Amino acid sequence: MNATDSRTLEILGLEVPNELTSVRQAIQSGFPPEVLPRIVNYLKLKSAMVPKLVGISERTLTRKRHHQTRLDPISSDRIYRLARIVAQAEAVFENRETAQAWLKRPNPALGGGIPLDFLDTDAGTLDVSNLLGRIEHGVLS
């Protein structure tokens, strides 16, 4: 497991899997519902952004917490994708606050779009990840 994967799980408050389990298995089993408010608070997001980013309504989250049921694999994967980009941004900018500010600001390399807004699809997430890679290697576009 690389440093970004470890940091991603740390952001979500999840244990690093041992060699018998994997992040993929944890996602397939579904994350506990507590990970979502954790990442929302970590990023200081408005709860209105949650349905767009991970496809879970506040009502569904409340119901899952009340019944102590896990999130479905698709929602868990989206949450992991979000946290992975946060971890990558923190590694690139070497500062949590700078990374969070970058994720929330319009970016010319994304056509003026806000990086967080791109994280609702895998393709958009790849665009943001590639941009972070270019910034890390000093190749600005």
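Look up a bit, the structure's there.
Residues numbered from 1 in each chain as written. Predicted model: local features only at pLDDT ≥ 70, side-chain atom pairs only at ≥ 80, totals over all residues. Heavy atoms only, no water.

Enquirer: Quick rundown of the side chain of Gln 88? Include the residues and the values.
Expert: Considering the arrangement of structural elements, one finds Gln 88 in helix α6 (residues 73–93). The residues contacting Gln 88, other than those within four sequence positions of it, are Thr 4, Ser 129, Leu 132 and Gly 133. (Helix = DSSP H or I, 4+ residues; strand = E, 2+ residues; numbered from the N terminus. Contact = heavy atoms within 4.5 Å.)

Enquirer: Before we move on, could you go through the environment of Pro 37 and cite the residues and values that matter?
Expert: Relative to the helices and strands, Pro 37 is located in helix α3 (residues 35–43). Linking Pro 37 and Leu 61, residues 24 residues apart in sequence, is a C-alpha distance of 9.2 Å. Setting aside chain neighbours within four positions, we find Pro 37 in contact with Leu 61 and Arg 65.

Enquirer: Break down the packing of aromatic side chains for me, citing the residues and quoting the values.
Expert: Each aromatic ring pair is summarised here by two numbers: the centre-to-centre distance and the angle between the ring planes. Following the criterion strictly, the structure yields one aromatic pair and no others. Relative to Trp 102, the ring of Phe 93 lies with its centre 5.5 Å away and its plane at 45°, an arrangement referred to as tilted. The buried category is assigned to Trp 102, whose relative accessible area is 7%. Here the guanidinium or amino end of Arg 96 rests over the ring plane of Tyr 42, the centre of that ring lying 3.7 Å away. (Phe/Tyr/Trp six-rings, centres within 6.5 Å; stacked < 30°, edge-to-face > 60°. Buried < 20%, exposed > 50% of the residue type's maximum accessible area, 1.4 Å probe, protein only. Lys NZ or Arg CZ within 6 Å of the ring centre and 35° of its normal.)

Enquirer: Let's hear about unusual backbone geometry: which residues, and what values?
Expert: The phi torsion at Gln 68 lies on the positive side, around 55°, for a residue other than glycine. Here Gln 68 shows up in the loop between α5 (58–67) and α6. Its relative accessible area of 72% is what places Gln 68 among the exposed residues. Unlike most non-glycine residues, Glu 94 shows phi in positive territory, near 55°. Tracing the backbone shows Glu 94 in the loop between α6 and α7 (96–104).

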